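Below are the chains, spelled out letter by letter.
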Amino acid sequence: MTKEEIEQLLQKIEDLKAQKLQDVEDIRVKFLGKKGEITKMFEEFRSVLPEQKKEFGQKLNLLKTKAAERIEVLRQGFENVQIAGCEKFDFTKPGDKFELGTRHPISLAREEILDIFGKFGYAVAEGPEIEDDWHVFTALNFPPDHPARDMQDTFFINPDSNDPILLRTHTSSVQVRTMERMPLPIRVVCPGRVFRNEAISARAHCIFHQVEGLYIDKNVSFADLKQAILLFVREMFGPDTQIRMRPSYFPFTEPSTEVDISCNICGGKGCNICKGTGWLEIMGAGMVDPNVLEASHIDSTKYTGFAFGMGIERIAMLKWQVNDLRHYFENDVRFLREFQSVI
């Protein structure tokens, strides 16, 4: 390494030009990279005589500084060109079209159900998804040996506790909380997500959604329950819909009933959806058991009430002829696009 070589390289750097931004990076690597020309000169500096080190060191530092400055000037030149190009862009031009999403069918069905009962004067009540045994079972008249208290049917968080915590299996727990804190009369619907320890299939899932209703007042009768359900199904499925009530059993209602509606596909004539019967099951219902009222400190000699509960997935399946419950949870955009026109 000589002084002349340093001067020649300095002149070479001052004359550098670049045609594109990549050329600037190539220049940086050529001169300042690990194997660059200036880097090699600094390595050769170790062999310079001691009396010459000061002079050579000053020239090398100047060379490196000039190289870095020249490279930065070249880089800034290309950045300014890019900014100038942006200034010519017409921001008034229409943007690119993008595909709109849609409401989830469960949300659509939930809101329609709540809107219908809202017309009838029902308020909306909600509660926690993680519940205690009292609100899910004991206050609802479930006997200690009821199958629902078993881990094969319910997701328990601490099953060995004297007061176990669990994922609620129905939104009836919200009804209990409402009876505990709300003044009479009570007229509410309770929507929410519930959990049951079931195998996932086209007709069952471990997670699903419910809407339950509760009406408590003086002189509430089974006829009031029947009329409320009839009005609901005709609003939801059409004015010609009929209902059929079959005797059933639930721990928290007495008497209890399963409710069917006339098939909205075949008009009650029989098809593959209703399995040829002309009827489709939609909910369970009944008069609130006096034990349930007393558990929430409501005088069952003065007040009566009815309760009903339905699966939102079930209602949506019947309304839009969905044949597989798993579609609701897979977020397949092809399935969700089917509901773009449902607002």
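In this report, the structure presented in the accompanying data block is examined. Residue positions are counted from 1 within each chain, in the order its sequence is given. With the structure being a predicted model, the display of local features is reserved for residues of pLDDT at least 70 and the display and counting of side-chain atom pairs for 80 or more, all residues being used for whole-chain, interface and lining totals. Computation of side-chain values: all heavy atoms of the structure, hydrogens and water removed.

### Quick notes on the sheet that holds strand E1 (residues 123–124)
No. 1: Here we have seven strands laid out as an open sheet, ordered E1-E4-E5-E9-E8-E7-E6, and mixed in their pairing. Either end of the sheet is taken by a strand with one partner, and the two such strands are E1 and strand E6 (243–250).
No. 2: Strand pairing is assigned whenever DSSP detects at least two bridges linking the two strands. The helix and strand labels rest on DSSP assignments: H or I over at least four residues marks a helix, E over at least two residues marks a strand, and numbering proceeds from the N terminus. Direction of pairing for strand E4 (residues 186–195) relative to strand E5 (residues 207–217): antiparallel, over a ladder of ten bridges. Each residue of the ladder has a partner; that of Arg-187, found in E5, is Tyr-215.
No. 3: Strands E1, E4, E5 and strand E9 (304–311) of the sheet are contacted by helix H5 (residues 105–119), whose axis makes an angle of about 165° with E4. For this analysis, residues touch if any pair of their heavy atoms sits within 4.5 Å. For helices, the fitted line uses only the C-alpha atoms of the stretch in contact; every axis is such a line through C-alpha atoms, and the angle between N-to-C directions lies from 0 to 180 degrees.

### Details of the environment of Ala-125
No. 1: For Ala-125, the location among the structural elements is in the loop between E1 and strand E2 (130–132).
No. 2: On a C-alpha basis, the gap between Ala-125 and Glu-99 in space is 35 Å, while along the polypeptide they are 26 residues apart.
No. 3: Not counting residues up to four positions away in its chain, the partners in contact with Ala-125 are Val-174, Thr-178, Val-188, Val-189, Cys-190 and Pro-191.

### Quick notes on a negative patch on the surface
No. 1: On the surface, a cluster of negative charge is made up of Glu-4, Glu-5, Glu-43 and Glu-44.
No. 2: At the level of secondary structure, the elements contributing two or more residues to the negative patch comprise helix H1 (3–14) and helix H3 (37–44). The patches described consist of residues with a relative accessible area above 30% and no salt bridge, like charges being joined within 9 Å and nonpolar side chains (Val, Leu, Ile, Met, Phe, Trp, Tyr) within 5 Å. Only the protein chains shown count as cover for residues, with accessible areas throughout obtained via the Shrake-Rupley method and a probe of 1.4 Å. Between Lys or Arg on one side and Asp or Glu on the other, a salt bridge is scored when a side-chain nitrogen of the former is within 4 Å of a carboxyl oxygen of the latter. In this tally, Asp and Glu contribute negative charge and Lys and Arg positive charge; neither His nor the terminal groups of the chain are included. Where a charge lies is defined by one atom per residue type: Lys uses NZ, Arg uses CZ, Asp uses CG and Glu uses CD.

### What about the nonpolar core?
No. 1: Here, the term nonpolar core denotes a set of buried Ala, Val, Leu, Ile, Met, Phe, Trp, Tyr and Cys residues that are joined through side-chain atoms within 4.5 Å. Throughout, exposure labels follow a simple rule: accessible area from a 1.4 Å probe, protein chains only, divided by the maximum for the residue type, with under 20% read as buried, over 50% as exposed, and the rest as partly exposed. Membership of the largest hydrophobic core comes to 46 residues, with the highest contact counts inside it found for Ile-113, Phe-232, Val-233, Phe-306, Phe-308 and Met-310.
No. 2: Counting residues per element, this core draws most heavily on helix H8 (residues 222–237), which supplies eight residues.

### Examining H8
No. 1: With 16 residues, H8 extends 22 Å between its outermost C-alpha atoms, agreeing within 8% with the 22 Å of an ideal straight helix rising 1.5 Å per residue.
No. 2: Considering only its buried residues, H8 is in contact with H5, E6, strand E7 (253–262), strand E8 (279–288), E9 and helix H10 (312–320).
No. 3: Gly-238 sits one or two residues past H8 and shows a positive phi near 125°. Given a helix with a known number of residues, its expected span is that number minus one, times 1.5 Å.

### Some words on the packing of helix H2 (residues 21–32) against H3
Each pair of packed helices can be described by the angle between their axes along with the distance between the axes.
No. 1: Viewed as axis vectors pointing N to C, H2 and H3 meet at an angle of 15°, and their least axial separation amounts to 4 Å. Comparing the axis directions of H2 and H3 gives the class roughly parallel. Each of Lys-30, Phe-31 and Leu-32 in H2 lies in contact with H3, whose residues at this interface are Glu-37, Ile-38 and Thr-39.
No. 2: Residue type decides the class: Asp, Glu, Lys and Arg count as charged, Ala, Val, Leu, Ile, Met, Phe, Trp, Tyr, Cys and Pro as nonpolar, and the leftover types, Gly among them, as polar. Looking at the contact of H2 with H3, its residues break down into three nonpolar, one polar and two charged. For this classification, under 35 degrees means roughly parallel, over 145 means roughly antiparallel, 65 to 115 means roughly perpendicular, and everything else is oblique.

### Brief notes about the packing of H5 against H8
No. 1: Taken N-terminus to C-terminus, the directions of H5 and H8 make an angle of 135°; their axes are 10 Å apart at the nearest point. Taken together, the axes of H5 and H8 lie oblique to each other. Crossing angle aside, the handedness with which H5 passes H8 is right-handed. Here Ala-109, Glu-112, Ile-113, Ile-116, Phe-117 and Lys-119 of H5 lie close against H8, whose contacting residues are Phe-232, Glu-235 and Met-236.
No. 2: Of the residues that constitute the contact of H5 with H8, the class distribution is six nonpolar, no polar and three charged. Each crossing gets its handedness from the near helix: less than a right angle anticlockwise from the far helix is left-handed, clockwise is right-handed.

### Digging into the pairing of E7
No. 1: By the criterion of burial, E7 is predominantly enclosed, with eight of the ten residues buried.
No. 2: Where E6 and E7 come together, seven bridges link them in antiparallel fashion. Bridge pairing links Ser-248 to Ser-256 in E7.
No. 3: The turn linking E6 back onto E7 is made up of two residues.

### Digging into H10
The periodicity of an α-helix, 3.6 residues per turn, causes residues three or four positions apart to be oriented the same way.
No. 1: Taken as a whole, H10 has its buried residues at Ile-312, Glu-313, Ile-315, Ala-316, Met-317 and Leu-318.
No. 2: Note on H10: the residue one or two positions beyond its end, Gln-321, has a positive phi of about 55°.

### A look at unusual backbone geometry
No. 1: In this structure, Pro-185 follows Leu-184 across a cis peptide bond, with omega equal to 0°.
No. 2: Examined against the element boundaries, Pro-185 turns out to sit in the loop between helix H7 (172–181) and E4.
No. 3: Of note, the bond from Glu-254 into Pro-255 is cis; its omega dihedral lies within 30 degrees of zero at 0°.
No. 4: With respect to the secondary-structure elements, Pro-255 resides in strand E7.
No. 5: For Asn-219, which is not glycine, the phi dihedral falls at a positive 65°.
No. 6: A residue is classified by how much of its surface remains accessible, and Asn-219, at 72% relative accessible area, is exposed.
No. 7: Of note, Asn-331 is a non-glycine position whose phi angle comes to about 55°, a positive value.
No. 8: Structurally, Asn-331 can be placed in the loop between helix H11 (327–330) and helix H12 (333–336).

### Concerning the pattern of salt bridges
Pairing is possible between side chains of opposite charge, provided their charged atoms come close.
No. 1: Applying the stated criterion to the full structure yields 13 salt bridges.
No. 2: The salt bridge involving Arg-103 is made with Glu-111; its shortest N-O contact spans 2.7 Å.
No. 3: We note a salt bridge from Asp-324 to Arg-326, for which the minimum N-O separation is 2.9 Å.
No. 4: Under the relative-accessibility criterion, Arg-326 is labelled partly exposed at 32%.
No. 5: Taken together, the salt bridges that share partners define one network made up of Arg-244, Arg-246, Asp-260 and Glu-281.

Purely geometric stuff here, so don't read any function into it on its own.
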